[in-house]
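Each chain, letter by letter, is given below.
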Amino acid sequence: MLIFAMMLGLVSDAISEKVDSLRKGKSEVIESNHILILGWSDKLGSLLKQLAIANQSVGGGVVVVLAERDKEEMELDITKLEFDFMGTSVICRSGSPLIMADLKKVSVSKARAIIVLATDGNADQSDARALRVVLSLIGVKEGLRGHVVVEMSDLDNEQLVKLVGGELVETVVAHDVIGRLMIQCALQPGLAQIWEDILGFDSAEFYIKRWPQLDGKRFEDVLISFPNAVPCGVKISAEGGRIRLNPDDDYMLKEGDEVLVVAEDDDTYAPGRLPQVLEAFLAPGSELWMFNEVATKDREKKLIDGGLDLTGLENIKLVHREGNAVIRRHLESLPLETFDSILILADESLEDSVVHSDSRSLATLLLIRDIQSKRLPYRESKVTQIRQAGYSHSSWIREMQQASDKSIIISEILDSRTRNLVSVSKISDYVLSNELVSMALAMVAEDKQINRVLEELFAEEGNELYIRPAEFYLYDQEELCFYEIMLRGRKRNEIVIGYRLASAERAVINPPDKGIRKKWSLGDVFIVIAQE
């Protein structure tokens, strides 16, 4: 009995130890062809959402998360997302990506893509850690099956990571992406929603595929060969796989060339029969006003450290003002009614607290719109009508909406829940930082080639997304099919990828029924890829 009791105790201890190991996430992941995420940040929730949507068409996939947190805490936080993962399994493991044993525990060598998330806090420290993680990944003896997508915090550190990682590594510089998007969206109202649609997997996105039957065809013919997709460029085999956006109509597809398209999913499109149809951003003389609590004497140093050449500014003049953006009297000292565009940036000192940062941005937005609405030239003529009707919430919102017609406000929003508060009132366009960066990371994880496309579209030179008025392509009430509009766009060296009707709130990217004629109005707009 004594011997039996001792054996039972040993077995019980062994089982308890094993269960405890499983509970704490110390067991090995027996998976292959999975996506591995190294690290934990506020972007993880939206990143998991995008990866789940991407895997929906194949019945779901496996995503493994390795972070220096307790496994049970990670699983609890993921459960709180209240999102349907549509068949995708999320496995959490506790450990460090800098320790080789922990990397082997998550089958790093068998992953089809590895995403390295930036840590919250200091940008240089975050990038230094990312560099060490890349070095650890390169040191895996079994080698890596997939590519590595690294989220960087500072553009200056990007080259070092690329130097170490070589062709294995693709980088996404979060702040640089958001900064360029905010500029583009400030100049073109409505562009934020279009970028959200293209970057997200629940709408139309970029895909690259080879179609041998298109060899020998001119790009002009290829453009209208896909009923369920819009060709945007060509991956040219003879140029080492370089992706050329918006190529010339006369470019002839050759053996090995692949076609870049905007489509709903990678299995929803194929070529068919040809349809039978017929500073860089700103203008010279612009002013950029900078309003924040940083002392004017310290700003030049910060701007120079950030890579800005103050002596090279030709198109814009910098105007400095000091103040707190959530104090009304400080904002009232600015000529807010005269600006064409206003950018509200997330305060870097509060970025660790997403809710606090968004609350501040939202307060600034509401104060600016209220001040603008009271300075509208037709304010006096309408004040009597408002007093007679009595004050109401809707009249206050209506005044702010009228102010939004006079100038564009782009708000950098970190939390998707704040977006709903902003979008309900329709008083601001917005840039959803964390979600857009997560979308870009997920897209590059699914296909590393897409990073070349995003880099060009985000850059100040080359092809970009533009919103064009209908009068560029048609007459009022003219009856045309979308194919015909695409061909008219080619006369302007543009690729028309979608439209937004005057009566609609959202744009349609890669519209269905491209061959069906319909009447268009001059209030409609078209979304194009073009080079200025």
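Scroll up to find the structure this text is about.
Residues numbered from 1 in each chain as written. Predicted model: local features only at pLDDT ≥ 70, side-chain atom pairs only at ≥ 80, totals over all residues. Heavy atoms only, no water.

Caption draft 1: Here's a closer look at the nonpolar core. By size, the foremost hydrophobic cluster in this structure holds 103 residues, and its most contacted members are Ile37, Phe206 and Ile497. With nine residues, helix α16 (residues 433–446) is the largest single contributor of residues to this core. With residues near it in sequence (within four places) discarded, Ile497 still touches Ile198, Val230, Cys232, Leu465, Phe482, Val508, Ile509, Asn510, Pro511, Ile527, Val528 and Ile529. In this structure, Val64, Ala130, Leu131 and Met152 belong to the second largest nonpolar core, which totals 24 residues. (Core = buried A, V, L, I, M, F, W, Y, C linked by side-chain atoms within 4.5 Å. Buried < 20%, exposed > 50% of the residue type's maximum accessible area, 1.4 Å probe, protein only. Helix = DSSP H or I, 4+ residues; strand = E, 2+ residues; numbered from the N terminus. Contact = heavy atoms within 4.5 Å.)

Caption draft 2: Highlighting helix α8 (residues 191–199). In terms of burial, α8 is largely enclosed, as nine of its nine residues are buried. Listed in full, the buried residues belonging to α8 are Leu191, Ala192, Gln193, Ile194, Trp195, Glu196, Asp197, Ile198 and Leu199.

Caption draft 3: Fine view of the sheet that holds strand β1 (residues 35–38). Reading across the sheet, the six strands line up as β3-β2-β1-β4-β5-β6 and stay open at both edges, with parallel pairing between neighbours. Every other strand in the sheet has two partners, leaving β3 (89–94) and β6 (169–173) as the edge strands with one partner each. Taken pair by pair, the neighbouring strands of this sheet meet at an average axis angle of 20°, ignoring direction. Where strand β2 (residues 62–67) and β3 come together, six bridges link them in parallel fashion. (Pairing = 2+ DSSP bridges. Axes fitted to C-alpha atoms, helices over the stretch in contact; angles between N-to-C directions.)

Caption draft 4: The arrangement of the environment of Lys110 in detail. One can find Lys110 in the loop between α4 (100–105) and β4 (113–116). The class for Lys110 is partly exposed, based on a relative accessible area of 45%. Taking the C-alpha atoms as reference points, Lys110 and Arg145, separated by 35 residues in sequence, lie 5.7 Å from one another. Once you skip the residues sitting within four places of it in the chain, Lys110 turns out to touch Glu31, Ser32, Asn33, His34 and Arg145.

Caption draft 5: Just the pattern of salt bridges, in detail. As enumerated under the stated definition, the model contains 29 salt bridges in all. Glu170 is paired through a salt bridge with Arg452; the nearest N and O atoms lie 2.8 Å apart. Accessibility expressed as a relative area gives 35% for Arg452, which makes it partly exposed. Between Asp249 and Arg490 there is a salt bridge, and its shortest N-O distance comes to 2.6 Å. Here Asp249 and Arg490 have matching classes, each one buried. Members of the salt-bridge network, linked through shared partners, are Glu158, Lys162, Glu170, Arg452 and Glu455. (Salt bridge = Lys/Arg side-chain N within 4 Å of Asp/Glu carboxyl O.)

Caption draft 6: Representation of the sheet that holds strand β10 (residues 258–263) in the model. The strand order across the open sheet built from four strands is β7-β10-β8-β9, with neighbouring strands paired in antiparallel fashion. Each having just a single partner strand, β7 (205–209) and β9 (242–245) make up the two edges of the open sheet. In this sheet, adjacent strand axes meet at a mean angle of 30° when their direction is disregarded. With six bridges joining them, strand β8 (residues 229–236) and β10 adopt antiparallel strand pairing. Across the sheet, residue Lys235 finds its bridge partner in β10, namely Glu258.

Caption draft 7: Quick peek at the environment of Leu318. Along the chain, Leu318 turns up in strand β12 (residues 316–322). A relative accessible area of 22% places Leu318 in the partly exposed class. In sequence terms Leu318 and Ser286 are 32 residues apart; their C-alpha atoms lie 9.0 Å from each other. Leaving out residues up to four positions away in the same chain, Leu318 has contacts with Leu288, Met290, Leu303, Leu310 and Leu313.

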